[in-house]
Amino acid sequence: MTAAASTFRPWTPPRRTERLSLLPFLWQSWRDPLAIWGEAHFQELYISGQSPLGRSLVVSDPAGVRHVLTDNAANYVKGDLQRRVLGPMLADGLLLTEGEHWRRARRIMAPLFTPAHTTRTVEAMDRVCRRRVESWRLEHGARVLNIDSEMSGLTFDILSATLFSDDLDGDAAGFEKALNHFLSVGARISPLDALKAPDWIPRLGRVASNGDARFFKDRVDALVARRRARLEQGDAPDDLLTALLSARDEEGDGSGLSDHEVASNILTFILAGHETTARTLGWTLHLISRDQRVAATLKAEADAWDRSAGGLRDLIWHRAVIEEAMRLFPPAPAMIRQALEDDVIGGHEVKAGQSVLIAPWVIHRHEKLWAEPDAFRPERFLPENRKSIDRYAWLPFSGGPRICIGAAFAMQEAIIALAEILKAAEVEAITPVEPRPIHQVTLRSSRTMRLRLRARKDQSTGSA
């Protein structure tokens, strides 16, 4: 199966040509960190210098990224800024913990995300996706959908069905509302955090999002308590939550995760799993709506899928389109690491305490790493081409020891969701004005993304 190369180029934020002084830097960090990146960042593999907040090194060279994330990963920890921003919600989850605390939790949870465990969820994922598509009732006419909300609801329902045996069922709207408010208000980079001001000074965004944090804490604590009681009664379902509460550190002291650690990791899965996959699906559908040649190839491939787990490996264009969408719109646009000891990266000296920035948003669009970096070209991720892409030039799931534990789960989920949508629907843009990405922890659309979905003509005539 082949398709003509795509020529679509999604809207890209303008790039700076001059260095930002402190106040504009703080303003852009709060408003949208994508505006910080300048033209030079997309042309040079290393940029070292004095930023408004101290000396830093921006690393875009795959060899340098490999050094930080893998070869010398023990020397680079997540800085205080990420903990200050996300700590109130995710303090003891995998995303933020370090050292032996992180290694112990990772050891306990790794067996829960093996290929065998992930494959077991295919049927449940597909069932949820088909139910969501059917709820659109496209046979009664085309519908303009709020794609942000629909994909959030879909991935939340998948999370609830596969990881929590639907114990979260019915809370999707509340979780989406609280998460949207937290990401747009509470999770913004406060100038006080950027300047490392004492924690006792109130952050307006954090104060305004206290209700969101309470909502999540109350819901998740109740979920853990209910499941703990079912475990004691002997009738707990066999899912991730039961596994988290039952898992033991077999390589260590045999202990398990505390209820607080379990709750923190559930919130991490919701933010780092549900939210990022929802945004990836949204950007993927946007790209498809602008390129009907790619859409036609995907529809033919989706029609050939028999909904089996084994058949997923044949959805090569689905995988390629999703991977290209994550290149152009990486779910986590930037990562900050802090050096514990002096080091050298690609010939550049790094002092202890210095910040090192690895930005998938920059690396994925870098002129020295990609041909036509701003173009939508999913064929670059087809099996015959993908081997030429350096492992550390594509980082939607990070890399090294801290690579996203649920990466295979997320890819499987996104492929199934896309296939079920395209089995049933034509995806059409409704305006020439494109959605514009904004960095709010994840990469979101600055305005609500809306697309028109209509029942496929070939499906209605029974020819597919």
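**Student:** I'm lost on the overall build of the chain in this one. Help?
**Tutor:** For the chain, the count of helices and strands is 19 helices and twelve strands. Looking at the chain residue by residue over its 464 residues, the buried ones come to 54%. Within the chain, contacts between residues separated by at least 24 positions form 75% of all contacts whose residues are at least 6 apart in sequence.

**Student:** Explanation requested: the packing of aromatic side chains in the structure shown.
**Tutor:** A full pass over the atoms with the stated rule returns five aromatic pairs. With a centroid separation of 6.2 Å and an interplanar angle of 40°, the aromatic rings of Trp370 and Phe381 are classed as tilted. Separated by eleven residues along the polypeptide, Trp370 in the loop between helix H16 (360-363) and helix H17 (383-386) and Phe381 in the loop between H16 and H17 bring together distant segments of the chain. Of the residues examined, Trp370 reaches a relative accessible area of 7% and is grouped as buried. Over the ring of Trp370 we find Arg327; its NZ or CZ atom is 5.1 Å from the centre of that ring. In this structure, Arg391 is placed above the aromatic ring of Tyr392, and the distance from its NZ or CZ to the ring centre is 5.4 Å.

**Student:** Hey, could you run me through the packing of helix H15 (residues 316-328) against helix H18 (residues 407-424) in this one?
**Tutor:** Packed helix pairs are characterised by how far apart their axes lie and by the angle those axes make with each other. Contact geometry of H15 with H18 gives a least axis separation of 10 Å together with a crossing angle of 115°. With respect to their mutual orientation, H15 and H18 come out roughly perpendicular. Considering only the axes of H15 and H18, their crossing is right-handed. Contact residues: His318, Arg319, Ile322, Glu323 and Met326 in H15; Met411, Ala414, Ile415, Leu418, Ala419 and Leu422 in H18.

**Student:** Explain the pattern of salt bridges to me, please; I cannot follow it from the model alone.
**Tutor:** A side chain with one charge can pair with a side chain of the opposite charge if their charged atoms come near. Scanning the model with the defined rule gives 31 salt bridges in all. Between Glu379 and Arg377 there is a salt bridge, with the nearest N and O atoms lying 3.3 Å from each other. Overall, the relative accessible area of 12% leaves Glu379 in the buried class. The salt bridge partner of Glu428 is Arg454, with a shortest N-O separation of 2.8 Å. Of this pair, Glu428 sits in strand E9 (residues 425-428) while Arg454 is found in strand E12 (residues 450-455), placing the two residues 26 residues apart along the sequence. The partly exposed category is assigned to Glu428, whose relative accessible area is 22%. Three or more residues joined by partner-sharing salt bridges are found here, namely Arg9, Glu372, Arg377 and Glu379.

**Student:** When you look at the sheet that holds E12 in this model, what are you seeing that I'm missing?
**Tutor:** Taken together, the three strands give an open sheet; going across it, the order is E4-E12-E9, and neighbouring strands pair in antiparallel fashion. The sheet is open, and its two borders are formed by strand E4 (143-146) and E9, each paired with just one other strand. Across the sheet, the axes of successive neighbouring strands diverge by a mean angle of 35°, strand direction being ignored. Judged from the four bridges that link them, E9 and E12 form a sheet pairing that is antiparallel. When the sheet's bridge partners are listed, Glu428 is paired in E12 with Arg452. Seen against the sheet, H18 touches E9 and E12 and runs at an angle of roughly 100° to E9.

**Student:** Sorry if this is basic, but what is going on with the nonpolar core here?
**Tutor:** A general feature of soluble globular proteins is that nonpolar side chains tend to end up buried together. Judged by nonpolar contacts, the single largest core of 103 residues is most densely connected at Met151, Ile266 and Leu453. Counting residues per element, this core draws most heavily on helix H13 (residues 259-289), which supplies 13 residues. Beyond its immediate chain neighbours, meaning those up to four positions away, Ile266 contacts Phe164, Val220, Leu223, Val224 and Leu241. Judged by nonpolar contacts, the second largest core, of 16 residues, contains Tyr46, Tyr76, Ala339 and Ile358.

**Student:** Even after reading the chapter, I still don't get empty space enclosed by the protein, so can you show me in this structure?
**Tutor:** Empty pockets left among the atoms are what a rolling probe the size of a water molecule brings to light. Taken as a whole and assessed by the stated rule, the structure comprises one cavity of 30 Å³ or more. Put simply, the largest cavity is a space of about 30 Å³. Contributing to the lining of the largest cavity are Asp148, Ala278, Arg279, Gly282, Trp283, Arg444, Ser445 and Met449. The set of elements that each furnish at least two residues to the lining of the largest cavity consists of H13 and strand E11 (442-445). Broken down by element, the residue count for the lining of the largest cavity peaks at four residues, all from H13.

**Student:** Even after reading the chapter, I still don't get the side chain of Asp157, so can you show me in this structure?
**Tutor:** Considering the arrangement of structural elements, one finds Asp157 in helix H7 (residues 147-163). Asp157 gets classed as buried once you look at its relative accessible area, which sits at 19%. A distance of 3.0 Å separates polar atoms of two side chains, one belonging to Asp157 and the other to Arg132.

Definitions and cut-offs
Residues numbered from 1 in each chain as written. Predicted model: local features only at pLDDT ≥ 70, side-chain atom pairs only at ≥ 80, totals over all residues. Heavy atoms only, no water. Helix = DSSP H or I, 4+ residues; strand = E, 2+ residues; numbered from the N terminus. Buried < 20%, exposed > 50% of the residue type's maximum accessible area, 1.4 Å probe, protein only. Contact = heavy atoms within 4.5 Å. Phe/Tyr/Trp six-rings, centres within 6.5 Å; stacked < 30°, edge-to-face > 60°. Lys NZ or Arg CZ within 6 Å of the ring centre and 35° of its normal. Axes fitted to C-alpha atoms, helices over the stretch in contact; angles between N-to-C directions. Parallel < 35°, antiparallel > 145°, perpendicular 65-115°, else oblique. Left-handed = near helix turned anticlockwise from the far one by under 90°. Salt bridge = Lys/Arg side-chain N within 4 Å of Asp/Glu carboxyl O. Pairing = 2+ DSSP bridges. Core = buried A, V, L, I, M, F, W, Y, C linked by side-chain atoms within 4.5 Å. 1 Å grid on protein atoms, 1.4 Å probe; cavity = no way out; pocket = protein on both sides within 12 Å on 5 of 7 lines; lining within 4 Å. Points joined across faces, edges and corners; volume = space filled by probe spheres on them. Polar contact = N/O pair within 3.5 Å; in protein donor to acceptor, adjacent residues only side chain to side chain.

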